[in-house]
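Each chain, written out:
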There are 2 protein chains.
Amino acid sequence: MPTSGISSLTLNRLSLYLRCLRGLRDEGQKRVSSLELAERFHLSAAQIRKDLAQFGEFGIRGVGYDVEQLTERLNRLLGLDRTHLILIVGAGNLGSALARFLSFDDRSFKVVAAIDNDPEKIGQMIGDVPIFGPDELGDVVRRTGAEIAVLAVPPDPAQGIYDRLVAAGIKAVLNFAPARLARDAGVPTKAVDLRIFLEELGYQMEAAALP
Amino acid sequence: MPTSGISSLTLNRLSLYLRCLRGLRDEGQKRVSSLELAERFHLSAAQIRKDLAQFGEFGIRGVGYDVEQLTERLNRLLGLDRTHLILIVGAGNLGSALARFLSFDDRSFKVVAAIDNDPEKIGQMIGDVPIFGPDELGDVVRRTGAEIAVLAVPPDPAQGIYDRLVAAGIKAVLNFAPARLARDAGVPTKAVDLRIFLEELGYQMEAAALP
DNA sequence: CCATGTGAACAAATTCACAGCA
DNA sequence: TGCTGTGAATTTGTTCACATGG
């Protein structure tokens, strides 16, 4: 019930390692050491080992890691060996783009439906993703079996919609709305605030310009 | 030359505080204490004070902070009192959406141009943002005075384009490409990897499902 | 008084350095 | 021998608690 014992930082690095490993595998490389991974992808060797060690012993001392096997284990660990269904809420610019963008080819994630309150849009498609009305929210979650909701709505309605998604049984939420949500403890929720990223760069740019 | 003395964590919270303060100001509130801010927006009072203290004394002991004045000072601190021009690189689904999405109404950020290598798109517009060809990259940066590049291209060409942007004199980069860039020390660069966010939720969902 | 600003305590994350095993 | 896995050291970030000053 706590948000899992593993930190976001570690988890995000695991995703990174996995991506690197896929590259190595596609090059036909059989084995890799933490040092080689670190050097090729600008990571830290000690940290790779620490991160992996949290989940058991993956490597062979004196040799390194088996690329195929480690790839496989990380895949399973991150739940990428099965398909997660995604519901987009808010089919504006960003929501529509995400509807097309988040169906990755490896089939770990697939967008199955979108919700919007614009009568013009309801019944239309974004690529092969159908758009439903707000009334159908709970129904769509249940019918499609969507697990992850991607919130791309204006800040004001965000909390209300979040609560309805939780009530409808959604399993996780990725929130692009620039609003601080009161989160449900049982539903992993991650905020992605694009404006904040820009503002960070804004500051760092100015700071970089000084002596 | 280091990426400024202030951590990303702090900087991102400042953005958050600023957003909350704007809300209070719009409600007509004159003063606010760190405690009130914390309670209303689910933040930590001590952390607000620590964060602000890094930049000088903003408040009045025994009283709190002047909403208007603090808003103003944070605005200036984050460089939001002037307009930052943005260049979108890669006008696919995500790039086009960002072209529309990242011009915020307060005029702190404005998208001025996009680059794409699809001959069909070159010369077209995304809203009021013109699309140019890859050859024109350096030229567009110089002509428009764009400071921030938003990279929304496939992983393979990302590094090459990044290097060209840096050479062209870009001041900061927000990278949406799922690629780990060799970053230029003088150019603040922030990675936003949407797939990694989904994978994190994927793991936490499974973890939340266990006892 | 009362809320800020801050040093000191605590917690988390990263890096170091080496023991231990293939 | 050489690289993993891991405690110990260090750095970074957060919380606590109180002296300070409007």
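Since this is a predicted model, take the numbers as computed values, not measurements.

Colleague: Now, about empty space enclosed by the protein: what can you tell me, with residues and values included?
Modeller: Under the criterion given, the structure shown has one cavity of 30 Å³ or more. Forming the boundary of the largest cavity are Ser15(A), Arg19(A), Arg22(A), Arg195(B), Ile196(B) and Glu199(B). Contributions of two or more residues to the lining of the largest cavity are made by helix H1 (8–26) of chain A together with helix H8 (194–209) of chain B. Of the residues in the lining of the largest cavity, the class split is one nonpolar, one polar and four charged.

Colleague: Hey, could you go over the relation of the copies chain B and chain A for me, with residue numbers and the actual values?
Modeller: Screw-axis analysis of chain B against chain A gives a translation of 0.0 Å along the axis, an RMSD of 0.1 Å, and a rotation angle of 180 degrees. A rotation of that kind, with that shift, is consistent with a two-fold axis. Proximity to the rotation axis, assessed at the C-alpha, singles out Ala97(B) in chain B; its C-alpha lies 2.9 Å from the axis. Here 100% of the interface residues in chain B have copies in chain A that are interface residues too; the copies meet face to matching face.

Colleague: If you had to explain unusual backbone geometry to someone new, which residues and values would you point to?
Modeller: When glycine is set aside, most residues are seen to have a negative phi, and most peptide bonds are trans. Despite not being glycine, Arg107(A) has its phi angle at roughly 70 degrees, a positive value. With respect to the secondary-structure elements, Arg107(A) resides in the loop between helix H5 (93–101) and strand S4 (109–115).

Colleague: Hey, could you go over the sheet that holds strand S6 (residues 129–132) of chain A for me, with residue numbers and the actual values?
Modeller: The strands that make up a sheet pair up through hydrogen bonds in the backbone, lying either parallel or antiparallel. Overall, mixed pairing links the seven strands, which are arranged S5-S6-S4-S3-S7-S8-S9 (chain A) in an open sheet. Looking at the sheet topology across the chains shown, the edges are occupied by strand S5 (125–126) and strand S9 (189–191) of chain A. Relative to strand S7 (residues 148–151) of chain A, helix H7 (residues 155–167) of chain A is tilted by about 170 degrees, and along the sheet it contacts strand S3 (84–89), S7, strand S8 (172–175) and S9 of chain A. Along the sheet, H8(B) contacts S3, S4, S7, S8 and S9 of chain A; its crossing angle with S8(A), the most-contacted strand, is approximately 155 degrees.

Colleague: Describe the protein's contact with DNA strand C, and please don't skip the residues or the numbers.
Modeller: Around DNA strand C, 24 residues are found, and the nearest of them are Lys50(A), Ser34(B), Arg49(B), Lys50(B) and Tyr65(B). Contact between DNA strand C and Arg61(B): a sugar or linking oxygen at 3.4 Å from a side-chain N or O atom of the residue. Contact between DNA strand C and Gly62(B): a sugar or linking oxygen at 3.3 Å from a main-chain N or O atom of the residue. Secondary structure elements with two or more residues in the surface near DNA strand C: H1 and helix H3 (45–53) of chain A together with helix H3 (45–53) of chain B. Looking at the surface near DNA strand C residue by residue, the classes come out as eight nonpolar, eight polar and eight charged.

Colleague: Account for the environment of Pro188(B), naming residues and giving values.
Modeller: As for its placement among the helices and strands, Pro188(B) is situated in the loop between strand S8 (172–175) and strand S9 (189–191). Sequence separation between Pro188(B) and Arg19(B) is 169 residues, and the spatial gap between their C-alpha atoms is 23 Å. If near-sequence neighbours (up to four positions away) are discounted, Pro188(B) is found in contact with Leu201(A), Gln204(A), Met205(A), Ala208(A), Lys171(B), Ala172(B) and Val173(B).

Colleague: Before we move on, could you go through the interface of chain B and chain A and cite the residues and values that matter?
Modeller: Tallying the contact residues gives 63 residues for chain B and 63 residues for chain A. For the chain B and chain A pair, buried surface summed over both sides reaches about 5900 Å², with 69% attributable to carbon and sulfur atoms. Looking only at chain B, the three residues that lose the most surface to chain A are Arg195(B), Leu198(B) and Tyr203(B), adding up to 13% of its buried area. Where chain B meets chain A, there are eight salt bridges. Arg19(B) serves as the salt-bridge partner of Asp193(A), at 2.7 Å between the closest nitrogen and oxygen. At the surface where chain B touches chain A, the tally comes to 18 residue pairs in polar contact (both at pLDDT 80 or more). Of all the secondary structure elements, the ones that give two or more residues to the side of chain B that touches chain A are helix H1 (8–26), strand S3 (84–89), helix H5 (93–101), S8, S9 and H8 of chain B.

Colleague: If you had to explain the pattern of salt bridges to someone new, which residues and values would you point to?
Modeller: Oppositely charged side chains may form a pair once their charged atoms are brought near each other. Evaluation of the coordinates by the stated rule reveals 21 salt bridges over all chains. The residue Glu27(A) makes a salt bridge to Arg40(A) at a minimum N-O spacing of 2.9 Å. Here the residue Glu27(A) occupies a position in the loop between H1 and strand S1 (31–32), and Arg40(A) occupies one in helix H2 (residues 34–41), the gap between them amounting to 13 residues. Taking relative accessible area as the criterion, Arg40(A) reaches 38% and is therefore assigned partly exposed. Residue Asp106(A) pairs with Arg195(B) through a salt bridge whose shortest N-O separation is 2.3 Å. Remark: Arg195(B) occurs in helix H8 and Asp106(A) occurs in the loop between H5 and S4; the pair is interchain, linking two chains. According to the relative accessible area criterion, Asp106(A) is partly exposed, its value standing at 38%. Arg195(B) gets classed as buried once you look at its relative accessible area, which sits at 12%. A single salt-bridge network, built from bridges that share partners, covers Arg82(A), Glu147(A) and Glu206(B).

How each quantity is defined
- Residues numbered from 1 in each chain as written.
- Chains lettered and ligands numbered in written order.
- Predicted model: local features only at pLDDT ≥ 70, side-chain atom pairs only at ≥ 80, totals over all residues.
- Heavy atoms only, no water.
- 1 Å grid on protein atoms, 1.4 Å probe; cavity = no way out; pocket = protein on both sides within 12 Å on 5 of 7 lines; lining within 4 Å.
- Points joined across faces, edges and corners; volume = space filled by probe spheres on them.
- Helix = DSSP H or I, 4+ residues; strand = E, 2+ residues; numbered from the N terminus.
- Nonpolar A, V, L, I, M, F, W, Y, C, P; charged D, E, K, R; others polar.
- Least-squares fit on C-alpha atoms with pLDDT ≥ 70 in both.
- Contact = heavy atoms within 4.5 Å.
- Pairing = 2+ DSSP bridges.
- Axes fitted to C-alpha atoms, helices over the stretch in contact; angles between N-to-C directions.
- Near = heavy atom within 4 Å.
- Polar contact = N/O pair within 3.5 Å; in protein donor to acceptor, adjacent residues only side chain to side chain.
- Buried area = accessible area lost by both parts, 1.4 Å probe.
- Salt bridge = Lys/Arg side-chain N within 4 Å of Asp/Glu carboxyl O.
- Buried < 20%, exposed > 50% of the residue type's maximum accessible area, 1.4 Å probe, protein only.

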